[in-house]
Each structure stands twice: as C-alpha cells, then as structure tokens.
Amino acid sequence: MTDDKERGEEVLAVLLPLLNACTALRAGEPTRLAHRGGGLRVVLDVQLAGAPTVTVERDDVPRSSGRRTRAGGAPARRQRRRLELPPGG
C-alpha cells in the first residue's frame, strides 16, 4: 500500500515476476483496491507451492426454530450474571 500510485505500480512490476519465478511459492492474481487519496493498495494471495489445496463446502441444514444448539442437542442459553449489592449498602 502506498500513497504514490506510480511508485506502487513500479514496485508491483518488479515484485510480481519475482514471486512468479519462485518455485517455492504460488502467487495468485493481484487485486487492486481503492485507496483514499488516489494511492495504490494491492491484495495478493501467496501460498507455499508444496502445500496441499483444501476445499471446504458448506452443507447448511435449515433450522425450524432458529435456535442454535450445542453438541449434544441442548439449546444454547445465555447466562445472566446477577449483580449483588455490596455489604451494608
């Protein structure tokens, strides 16, 4: 991230080929984000090349009551803490 967009593009032009040439890393495509003041902010996903790829899928089950349950099936309840008056008060 930099306030000087031109300088940021120069650094990115040097950095991306270095990351792509490194056999130990896998770099994704850079995403340029808006930056207040007209500068440059870039997000880049960099991972180890030998690391396994993990894919996670959601399997949502609609709940009829909208209440969350803990493992074991008991409804989750918020406990209220009772405040006591100080002695002699």
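It should be noted that the structure appears before, not after, this text.
Presented here is an overview of the structure given in this document.

Conventions adopted
- Sequence order sets the numbering: in each chain, residues are counted from 1 along the sequence as written.
- This being a predicted model, a pLDDT of at least 70 is required before a residue's local features are given, and a value of 80 or more before pairs of side-chain atoms are given or counted; all residues contribute to the totals for chains, interfaces and linings.
- Side-chain measures were taken over the full set of non-hydrogen atoms in the model, leaving aside hydrogen atoms and water.
- Secondary structure elements follow DSSP: runs of H or I of four or more residues count as helices, runs of E of two or more count as strands, with numbering from the N terminus.
- For each residue, the accessible area found with a 1.4 Å probe, counting protein chains only, is set against the maximum for its type, and the residue is called buried under 20%, exposed over 50%, and partly exposed in between.
- Computed with the Shrake-Rupley method and a 1.4 Å probe, the accessible areas treat only the protein chains shown as cover for residues.
- The span expected for a helix works out to 1.5 Å for each residue beyond the first.
- We call two residues contacting when some pair of their heavy atoms lies within 4.5 Å.
- Between N or O atoms, a polar contact is any pair within 3.5 Å; within protein, one atom must be a potential hydrogen donor and the other a potential acceptor, and residues adjacent in sequence are included only when both atoms are from side chains.
- Basic side-chain nitrogens of Lys or Arg form a salt bridge, by our definition, when they fall within 4 Å of a carboxyl oxygen of Asp or Glu.

### Notes on the overall build of the chain
Part 1: Of the regular secondary structure elements, the chain holds 1 helix and 4 strands.
Part 2: Taken from the N to the C terminus, the helices and strands of the chain come in the order α-β-β-β-β.
Part 3: When burial is assessed residue by residue, the chain has 8% of its 89 residues classed as buried.
Part 4: A total of about 8700 Å² of accessible surface is found on the chain, and carbon and sulfur atoms cover 51% of it.

### Things to note about helix H1 (residues 5-21)
Part 1: Counted at 1.5 Å a residue, the expected span for H1 with its 17 residues is 24 Å, and the 24 Å between its end C-alpha atoms agrees.
Part 2: For H1, every residue scored as buried is listed here: Gly8, Leu12, Leu16 and Leu19.
Part 3: Those residues of H1 hidden inside the fold are in contact with strand S1 (25-27), strand S2 (31-33), strand S3 (41-43) and strand S4 (46-48).
Part 4: The N-cap of H1, judged by a side-chain oxygen 3.3 Å from the amide nitrogen of glutamate 6 a few residues on, is aspartate 4.

### Focus: the pattern of salt bridges
Where charged atoms from two side chains of opposite charge approach closely, those side chains can pair.
Part 1: With the rule as written, the count across this model stands at 3 salt bridges.
Part 2: Aspartate 60 is the salt-bridge partner of arginine 58, the closest N and O atoms lying 2.8 Å from each other. The same class applies to arginine 58 and to aspartate 60, which are both exposed.

### Examining the environment of glycine 37
Part 1: Looking at the element boundaries, glycine 37 is found in the loop between S2 and S3.
Part 2: The exposure class of glycine 37 is exposed, given its relative accessible area of 81%.
Part 3: Sequence separation between glycine 37 and lysine 5 is 32 residues; the distance between their C-alpha atoms is 9.7 Å.

### A word on the environment of glycine 8
Part 1: With respect to the helices and strands, the residue glycine 8 is situated in helix H1.
Part 2: Taking C-alpha positions, glycine 8 is 8.1 Å from arginine 41, a pair spaced 33 residues apart along the chain.
Part 3: With sequence-adjacent residues up to four places away left out, glycine 8 is seen in contact with Thr2 and Leu40.

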